[in-house]
Amino acid sequence: MERTLVYCIHEEKTIQEFLREQGFSRHIMIQLKKIPQSVLVEGIWQRFHYRLQPGQTLRIRYTEEGNQKILPVPLPLHIVYEDEDILILDKPSNMPVHPSQGNYENTLANGLAYYFREKGESFIFRCANRLDRDTTGLLAVAKHGISACILSGFMKEHKIQREYYAVVSGKTPPSGRIDAPIGRAEGSTIERKIDFVHGERAVTHYRTVCYENGHSLLAIRLETGRTHQIRVHMKYIGHPLPGDFLYCPDYRIIKRQALHSARLTFPHPITGKQMTFTSEFPKDFQNFFSLHMTKSML
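Remember, predicted model here, so these are calculated numbers, not experimental data.

> I would appreciate a short explanation of the overall build of the protein chain in the present structure.
Summing up its helical and strand segments, the protein chain has 6 helices and 17 strands in all. Long-range contacts, defined as pairs at least 24 residues apart, comprise 65% of the intrachain contacts of the protein chain with a sequence gap of at least 6. Looking at the protein chain as shown, the accessible area adds up to about 15000 Å², and 48% of this sits on carbon and sulfur atoms. Charge-centre separation for the protein chain: the mean point of 39 positive side chains lies 2 Å from the mean point of 31 negative side chains.

> Is there a simple way to think about the sheet that holds strand β6 (residues 57-63) in this case?
Sheets are built from strands that pair by backbone hydrogen bonding, the pairs being arranged parallel or antiparallel. The sheet built from 4 strands is open, its strands ordered β1-β6-β3-β4 with antiparallel pairing. Edge positions in the open sheet fall to β1 (2-8) and β4 (44-45), since each of these has one partner strand only. Of the strand pairs in this sheet, strand β3 (residues 39-41) and β6 are connected by 3 bridges, and their pairing is antiparallel. Its bridge partner lying in β6, V41 is registered against L58. In the packing of helix α1 (residues 15-22) onto the sheet, the strands contacted are β1, β3 and β6, and the crossing angle to β6 comes to about 65 degrees.

> Would you mind going over a nonpolar patch on the surface with me for this structure?
On the surface, a nonpolar cluster with roughly 290 Å² of combined accessible area is contributed by I190, F245 and Y251. As for its position among the elements, F245 is in the loop between α5 (229-236) and β16 (259-267). Assessed through its relative accessible area of 47%, F245 is described here as partly exposed.

Each value, and the rule that gives it
Sequence positions are assigned chain by chain, starting from 1 and proceeding in written order. Only residues with pLDDT of 70 or above have their local features reported here, since the model is predicted, and side-chain atom pairs are shown and tallied only from 80 upward, although totals for entire chains, interfaces and linings are computed over all residues. Hydrogens and water molecules were not included; the side-chain quantities draw on all heavy atoms of the structure. Secondary structure follows DSSP: runs of H or I at least 4 residues long count as helices, runs of E at least 2 residues long count as strands, and numbering of each begins at the N terminus. Note on contacts: a residue pair is in contact if any heavy atoms of the two residues lie within 4.5 Å. Methods summary: accessible areas were calculated by the Shrake-Rupley approach with a probe of 1.4 Å, and residue burial reflects only the protein chains presented. Only four residue types enter the charge count, namely Lys and Arg as positive and Asp and Glu as negative; His and the chain termini do not. A charged residue contributes its charge at one atom only: NZ of Lys, CZ of Arg, CG of Asp or CD of Glu. Whether two strands pair comes down to DSSP finding at least two bridges between them. Only C-alpha atoms enter the line fits that serve as axes; for helices the fit covers just the stretch in contact. Angles between N-to-C directions range over 0 to 180 degrees. Residues enter a patch when their relative accessible area is above 30% and they make no salt bridge; the linking distance is 9 Å between like charges and 5 Å between nonpolar side chains (Val, Leu, Ile, Met, Phe, Trp, Tyr). Salt bridges are counted wherever a side-chain nitrogen of Lys or Arg sits within 4 Å of a carboxyl oxygen of Asp or Glu. Between buried and exposed lies partly exposed: a residue is buried under 20% and exposed over 50% of the maximum accessible area for its type, with that area taken using a 1.4 Å probe on protein chains only.

Shape descriptors only; they carry no functional weight alone.
Below, the structure written as structure tokens:
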């Protein structure tokens, strides 16, 4: 994979200072030093301490080879958006994101490995936001190391806004904020619990969209991104997600946790343009309510 980025300089500063402002990590800059002719100013190779002047053009040439041992498998992929830097997918339920024990050929990473192999492009799987196996909806994937490190910085700086919709048991207040730390449950490698002693801080905001047939539809915004955060927090306040095999194994209406990644908003990692993507509610979600769930609700 090769990606060339061109920047027009407006202020005097070193190349290193400029690239840090763009979100380039120290690791990426070390990689650039190993690539011949990777940093050019007006077509001339320069070191990172070179001081850029207004009006100059900085050209960055980044190359990398895919070396992950992920088996390419032809799997259905719903690609919402793709350019040279990012890929946005709408993930179905019952699809893990990463290969793990017992899941070596059925993951989103396997499907993408096949997709890029067919295009003749190298591939290293790097997702910006992670979804549980049975959570549906939007997922952002970086196509190269530069966009990956910038998106990672966006996550830390809360520049990637993620909105989920969840069906929960019972009638919830109109809105709420849950601030309760989450840690591992004893004796389990996957289950999590509220742990005020050893847990990591976790904050979830929600608003109630509607209530019907003993269930509430919530719009949820994450302030942090802990494993199983929504599922654990909803159980903690007495409104678990039906169909959740860990925290509420009630499969009468839905066979997986009723959680959907419905909206992603973030600046493009290279252009800086604000981007918003939305995903319609899956059909199994709609079985809880008589209203017709569409993008207009997002």
